[in-house]
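# Close look at the chain arrangement
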Amino acid sequence: MNRLTLVHLTFLGVGKPPATVEFSPGLTAIYGASERGKSYVEKSVDYMLGASELKPIPEDQGYSRILLGLRADDGRVLPLSRGLADSTIDVFNRDLRQLTTAPADATLSFKHSSTSQRNISRYLLKALGIDGLKILRNSRGEVRLLNFRDLARLSVINDSRMGGERSPVLTTGLPQNETSEKSVLKLLLTGQDEPVGPTAPGTVEKKVGKGQVEILDRLIDDAREKLTIAANQSELREQLARLQSSLDTATSRSGQLIASRSALLQRRRDLEASDSANQQRASEVRQLLARFALLREQ
C-alpha cells in the first residue's frame, strides 16, 4: 500500500496574504486555547478530502480557495484545490501555494462513485494503490467497495475522539457502523480486502428459521406419539400368543366351544391385521424422523 502525507493547508484570496498550516512528515499535533481555529483546520482538511461542505467562520472572510498539499511516495507534492463552496476539486501535478489561472490537470467531483473514475475518492484510492478493495458492510458478512471517506476520518482526529471512551478507530460512534470501521482498520494493517463469501442470516431470516424449527419440533412430537403406539407391538404379539394358546385349548374341547373358537379366530385375524398396519406405520414414522433430522442439520 502506498502512502499520502499531508504537507500543507493553505487558504488563498485576492488581496489576502496566504494563510498556511504546515504539517510534519510524521504526526502533527495542533493545540491551543479555545476558539483559535483548531477545529476549523480539522474540518478544512476533511473538506478537501471529500466532505460536502465547510461552514464559514469570520476569519475566512476574503479567502476564496483552499489548497491541500499531499506528498506521494515518490516525493511529488500533489495539491488539491477547492473553492469554499465548490462541488468539484482541482488536482495539480506540481506544488502550488498561490492562486493560478493555469488549468488543473484534473477536475473531480467531491462525491464518491464506484462507477466513475472522476471523483476525488477514486483518485486518492488509486494513489494509495487500494482502489477496488472491499470492506465489510455489516456483521452478516456483506461487503462493499472501499470509499476514501472511510479513510479520511482517520487522517485527522480531534481531541474529543482522542479523549473519548470509544476507540478513535470507531469514527462515527454508531454501533451499526462498527463492523465496517473495524474492517477499514484491518485493511490498513494488512493491505488485504475482505473476501466475498456466504452471508450470515439476517434478523428476518433468523425469525423465519426459528418458525420453521418450531414447526419441525411439533411434527417430531407428533411422530414420537405415533412411535409410542408402535412401540407397543411387543405387547400385542404377546397377547396374540396368549390368544393362540387359548384357541388351541378351546379346539381340544367339546363341540360346545366351537362358537367361542370361531370368535377367537376372528379376533386373531383382526389382531394380525392391526399388527401389520402398526408395522407399516412404524416404518413411515422412522422415515419421517430421518427426514426431520436431516432438515434440522441443514
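Residues numbered from 1 in each chain as written. Predicted model: local features only at pLDDT ≥ 70, side-chain atom pairs only at ≥ 80, totals over all residues. Heavy atoms only, no water.

## Observations regarding the overall build of the chain
A tally of helices and strands in the chain yields 8 helices and 8 strands. The C-alpha atoms of the chain give a radius of gyration of 40 Å, which is well past the 19 Å a tight globule of 298 residues would have. By principal-axis analysis of the C-alpha atoms, the chain measures approximately 135 × 40 × 30 Å. Within the chain, the fraction of its 298 residues that count as buried is 29%. (Helix = DSSP H or I, 4+ residues; strand = E, 2+ residues; numbered from the N terminus. Rg over C-alpha atoms; globule rule 2.2 N^0.38 Å. Buried < 20%, exposed > 50% of the residue type's maximum accessible area, 1.4 Å probe, protein only.)

## Let's talk about the pairing of strand β4 (residues 77-83)
Among the 7 residues that make up β4, 7 are buried, leaving the element largely enclosed by the rest of the structure. Covered by surrounding structure in β4 are V77, P79, S81 and G83 together with L78, L80 and R82, the residues of both alternating faces. Pairing between β4 and strand β5 (residues 88-91): 2 bridges, direction antiparallel. Following the sheet pairing, L80 is matched in β5 by V91. Remark: 4 residues form the turn of the hairpin made by β4 and β5, two consecutive strands paired antiparallel. (Pairing = 2+ DSSP bridges.)

## Let's talk about helix α2 (residues 120-128)
Each full turn of the α-helix corresponds to 3.6 residues, which orients residues three or four apart in the same direction. All buried positions along α2 are accounted for by I120, S121, R122, L124, L125 and L128. Elements in contact with the buried residues of α2: β3 (65-71), β4, β5, β6 (106-109) and α3 (148-155). Backbone geometry just after α2 places G129 at a positive phi near 80°. (Contact = heavy atoms within 4.5 Å.)

## Structural notes on empty space enclosed by the protein
Per the counting criterion, the structure on display carries 1 cavity of 30 Å³ or more. What the largest cavity holds in volume is close to 30 Å³. At the level of secondary structure, the elements contributing two or more residues to the lining of the largest cavity comprise α7 (233-252) and α8 (258-297). With 3 residues, α7 is the single largest residue contributor to the lining of the largest cavity. In terms of residue class, the lining of the largest cavity is built from 3 nonpolar, 1 polar and 1 charged. (1 Å grid on protein atoms, 1.4 Å probe; cavity = no way out; pocket = protein on both sides within 12 Å on 5 of 7 lines; lining within 4 Å. Points joined across faces, edges and corners; volume = space filled by probe spheres on them. Nonpolar A, V, L, I, M, F, W, Y, C, P; charged D, E, K, R; others polar.)

## Side note on the side chain of D60
Note on placement: D60 falls in the loop between α1 (38-48) and β3. In this structure, D60 is buried with no salt-bridge partner, the nearest side chain bearing the opposite charge being K16 at 8.9 Å. Ignoring anything within four residues of it in the chain, the contact list for D60 reads Y40 and L84. (Lys, Arg positive; Asp, Glu negative; His and termini not counted. Salt bridge = Lys/Arg side-chain N within 4 Å of Asp/Glu carboxyl O.)

## Considering the layout of surface pockets
Of the volumes computed, that of the largest pocket is approximately 1300 Å³. Lining the largest pocket are 36 residues, and of these L6, L154, S155, V156 and I157 lie nearest its centre. Elements that contribute at least two residues to the lining of the largest pocket include exactly β1 (5-13), α1, α3 and α4 (159-163). Per element, the largest residue contribution to the lining of the largest pocket is 5 residues, and it comes from α1. Here the residues of the lining of the largest pocket sort into 22 nonpolar, 10 polar and 4 charged. Empty space within the second largest pocket amounts to approximately 860 Å³. Looking at the second largest pocket, it is lined by 30 residues, and the ones nearest its centre are G37, S39, Y40, V41 and K43. Counting only elements with at least two residues in the lining of the second largest pocket, the list comes to β2 (16-22), α1 and α3. For the lining of the second largest pocket, the element with the most residues is α1, which contributes 8 residues. In terms of residue class, the lining of the second largest pocket is made up of 12 nonpolar, 5 polar and 13 charged.

## What to know about α3
The complete set of buried residues in α3 reads F148, R149, D150, L151 and A152. Looking at the buried side of α3, the elements it contacts are α1, α2, β7 (134-136), β8 (143-145) and α5 (178-190). The opening residue of α3 is N147, an N-cap whose side-chain oxygen sits 2.9 Å from the backbone nitrogen of R149. (Polar contact = N/O pair within 3.5 Å; in protein donor to acceptor, adjacent residues only side chain to side chain.)

Shape descriptors only; they carry no functional weight alone.
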